[in-house]
Amino acid sequence: MATLRPTAASASGDGAPDAAALVPPAEPVPFVPWPGWSYSFTAVALAVRSSFHASVRNLSIMRFGNGLVIPPTPAAVHITLTTIPRRDDVLLENMTPADAQGSFPAEWLDFGGGGAAAASGGRRRGVVLYIHGGGYFSLSARFYRTLTWRLSKYVGTKVLAIDYRLAPESVFPLPLHDVISSYLYLTASTDSGGAGYDPSEVFVIGDSAGGGLLFALLLWLRDNSARGFGLPAGACGISPWMDLTQSMPSTRVNGPYDILPYKLIDAAHSAPGRSQYYADDSQLTHPLVSPLFAREDPARPLPPLLVQAGDCERFRDEILLAVRDRFATSPVRLQLYEGMVHDFQLFAPVLPIGEFAMQRIGEFARACLDPAAAGQAAFERRLTFVELAGAGSKETDLTHEDIDEILRKSREKLVAISKPPKKALRSRL
């Protein structure tokens, strides 16, 4: 079977109908709960989805509503607000020196005493850098405390969650520059004003747009290793946004299940040639904007990397294709969760599989930060499907052919739910 080849305009594979020429159903599509969901999760997913769809075309309202959310944290969690200096010695493409000035807010979270590490001999040396999601234009480190305090607990280290610059006020590459600055702050010596961690003591996590920034960070570090910037011990992408062209079929066919809207743009901030807040349309296939279009260097693979995604989320196909084909020689572990939506880990308070996934992240991060680990050789590349089985789960391997089948069915469903192009209709008359 032909491998799916994304382009900036089409998600079709060899011999498949041109998906870009089809007319998918109008958004928003009606909500369809997955049959295996509990009543409580269905209600929460519907509420979150409804709020996203209600405010999707008004950026101010969306930001205001998200700003009101302050997730509760256990008494054992200690939160310290801080600021991170921008690196003025690092200028990305199209940046001016003024763009690299100043600092940005962040917060340290510490599940007091070491969390899961306490049971295995005390607190471990290391740190987690967290890059939040939000489509590059919304949300904050505070909004994600539901995840970050759990990461401190399950990894057994402190977590640094950052508030990078947001679009459309600050577009590519400025948010990425803040992410790079935060990583270099963690790995700079204390004498130079940094946190003093070795790269081998840093584990980086990003979700959604933050997952895209995570991959961009790793690619930038890989390509700038000659400057002495080392890769982290490991990383984790939670539902990472890999394709801002939104050219993959699952961005439409999983619409009835997922909490995400298809497009997130306010007409007041739209302009010709800009379909996303974060970057101009001419930049959407840039590998640091859409890592799906990146090229792997077999001589310089990425560090051990865990990727978690939901089978019902809009980003499913691009994540599968990126992990399988774009980063085929890196030590990646993919976990595709049956019936799960985008960023389902956020629902851990009402979703047991969300809590389970967070524990899996903790296990992987602890292994990466273990000084006794034998580097990349200690991490077997494995792509799996996590099936919900009663009160537990069942994990089975995903083969190359299995992923081909998922992508083929996704293309076929897109064709089935879409109208033929007008030209084809006229030719039949």
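The shown structure was predicted, so the numbers you read here are calculated from the model rather than taken from an experiment.

Colleague: Describe in detail the overall build of the chain, supporting the description with residues and values.
Modeller: A tally of helices and strands in the chain yields ten helices and ten strands. Counting only residues that meet the buried cut, the chain has 56% of its 429 residues in that class. Within the chain, counting contacts between residues at least 6 apart in sequence, those at least 24 apart form 77% of the total. When the accessible surface of the chain is totalled, it reaches about 17,100 Å², and 56% of it is carbon and sulfur.

Colleague: Let's hear about the layout of surface pockets: which residues, and what values?
Modeller: Within this model, the largest pocket holds a volume of roughly 760 Å³. Along the walls of the largest pocket sit 43 residues, with Val48, Phe52, Leu139, Phe143 and Leu346 positioned nearest its centre. Going through the elements one at a time, helix H1 (39-55) and helix H2 (59-67) are the ones with two or more residues in the lining of the largest pocket. With five residues, H1 is the single largest residue contributor to the lining of the largest pocket. Of the residues in the lining of the largest pocket, the class split is 26 nonpolar, 13 polar and four charged.

Colleague: Requested: an account of helix H4 (residues 174-187), with residues and values cited.
Modeller: If you check H4, its first and last C-alpha atoms are 20 Å apart, about what 14 residues at 1.5 Å a residue would give, namely 20 Å. Across the 14 residues that make up H4, a large majority, 13, are buried.

Colleague: Give me helix H5 (residues 209-223): which residues, what numbers.
Modeller: Compared with the 21 Å implied by 1.5 Å per residue over 15 residues, the 21 Å span of H5 between its first and last C-alpha is a close match. Burial of H5 is extensive: 14 of the 15 residues sit out of reach of the surface.

Colleague: Any chance you could break down the environment of Ser247 for me, citing the residues and the numbers?
Modeller: Along the chain, the position of Ser247 falls in the loop between strand E6 (234-238) and helix H6 (250-253). Ser247 sits 71 residues away from Glu318 along the chain, and the two C-alpha atoms are 8.6 Å apart. Side chain to side chain, Ser247 and Asp243 meet in a polar contact 2.9 Å long.

Colleague: Tell me what's going on with the environment of His78, and back it up with residues and numbers.
Modeller: As for its placement among the helices and strands, His78 is situated in strand E1 (residues 77-85). Of the residues examined, His78 reaches a relative accessible area of 47% and is grouped as partly exposed. When the C-alpha positions of His78 and Leu109 are compared, they lie 5.7 Å apart, and in sequence the two are 31 residues distant. Ignoring anything within four residues of it in the chain, the contact list for His78 reads Trp108, Leu109, Asp110 and Gly112.

Colleague: Give a description of the packing of H4 against H5 that names residues and reports values.
Modeller: Closest axis-to-axis distance for the H4/H5 pair is 10 Å, and the angle between their directions is 65°. In terms of their interaxial angle, H4 and H5 are classed as roughly perpendicular. Relative to H5, the crossing made by H4 is right-handed. The segment H4 lies against H5, with Pro175, Leu176, Val179, Ile180 and Tyr183 engaging Leu213, Ala216, Leu217, Trp220 and Leu221. A breakdown of the residues in the contact of H4 with H5 according to their chemical character gives ten nonpolar, no polar and no charged.

Colleague: Tell me about the nonpolar core, and please be specific about residues and values.
Modeller: If you look at the biggest cluster of nonpolar residues, it comprises 72 residues, and the most contacted ones within it are Leu160, Leu176, Leu186 and Leu305. With ten residues, the single largest contributor to this core is H5. Filtering out sequence-adjacent residues up to four positions away, Leu186 remains in contact with Trp108, Val127, Leu129, Leu160, Ala195, Gly196, Tyr197 and Val202. One finds Leu151, Tyr154, Val159 and Ala161 within the second-largest nonpolar core, a separate group that totals 29 residues.

Colleague: Give me unusual backbone geometry: which residues, what numbers.
Modeller: Look at the link from Ala167 to Pro168: it is a cis peptide, with omega at 5°. Secondary-structure assignment places Pro168 in the loop between strand E4 (158-162) and H4. Cis peptide bonds are those with omega within 30 degrees of zero, and the linkage from Phe172 to Pro173 qualifies with 10°. Along the chain, the position of Pro173 falls in the loop between E4 and H4. The phi torsion at Tyr136 lies on the positive side, around 75°, for a residue other than glycine. Locating Tyr136 in the fold gives a position in the loop between strand E3 (127-131) and helix H3 (145-155).

Colleague: Give me the pattern of salt bridges: which residues, what numbers.
Modeller: All told, the structure shown has 22 salt bridges when counted by the stated rule. Here Asp89 and Arg87 are joined by a salt bridge, their closest N and O atoms 2.8 Å apart. Residue classification places Asp89 among the partly exposed residues on the basis of a relative accessible area of 39%. A salt bridge links Glu412 to Arg408, with the nearest nitrogen and oxygen atoms 2.5 Å apart. Taken together, the positions of Glu412 and Arg408, both in helix H9 (residues 400-417) and four residues apart, correspond to about one turn of that helix. Judged by relative accessible area, Glu412 falls into the partly exposed class, the value being 44%. The exposure class of Arg408 is partly exposed, given its relative accessible area of 21%. Through salt bridges with shared partners, a single network forms among Arg222, Asp223, Asp297 and Arg300.

Colleague: Outline the packing of aromatic side chains, supporting the account with residue identities and numerical values.
Modeller: Counting across every chain of the model gives 15 aromatic pairs. Relative to Tyr278, the ring of Tyr136 lies with its centre 3.8 Å away and its plane at 5°, an arrangement referred to as stacked. One end of the pair, Tyr136, is in the loop between E3 and H3; the other, Tyr278, is in the loop between H6 and strand E7 (305-310), with 142 residues separating them in the sequence. Residue classification places Tyr136 among the buried residues on the basis of a relative accessible area of 1%. Between Trp220 and Phe229, the aromatic rings sit 5.5 Å apart at their centres with planes inclined by 25°, giving stacked as the arrangement. Exposure remark for Trp220: the relative accessible area of 7% places this residue in the buried category.

What counts and what doesn't
- Residues numbered from 1 in each chain as written.
- Predicted model: local features only at pLDDT ≥ 70, side-chain atom pairs only at ≥ 80, totals over all residues.
- Heavy atoms only, no water.
- Helix = DSSP H or I, 4+ residues; strand = E, 2+ residues; numbered from the N terminus.
- Buried < 20%, exposed > 50% of the residue type's maximum accessible area, 1.4 Å probe, protein only.
- Contact = heavy atoms within 4.5 Å.
- Areas by Shrake-Rupley, 256 points an atom, 1.4 Å probe, with all protein chains shown as cover.
- 1 Å grid on protein atoms, 1.4 Å probe; cavity = no way out; pocket = protein on both sides within 12 Å on 5 of 7 lines; lining within 4 Å.
- Points joined across faces, edges and corners; volume = space filled by probe spheres on them.
- Nonpolar A, V, L, I, M, F, W, Y, C, P; charged D, E, K, R; others polar.
- Expected span 1.5 Å × (residues − 1).
- Polar contact = N/O pair within 3.5 Å; in protein donor to acceptor, adjacent residues only side chain to side chain.
- Axes fitted to C-alpha atoms, helices over the stretch in contact; angles between N-to-C directions.
- Parallel < 35°, antiparallel > 145°, perpendicular 65-115°, else oblique.
- Left-handed = near helix turned anticlockwise from the far one by under 90°.
- Core = buried A, V, L, I, M, F, W, Y, C linked by side-chain atoms within 4.5 Å.
- Salt bridge = Lys/Arg side-chain N within 4 Å of Asp/Glu carboxyl O.
- Phe/Tyr/Trp six-rings, centres within 6.5 Å; stacked < 30°, edge-to-face > 60°.

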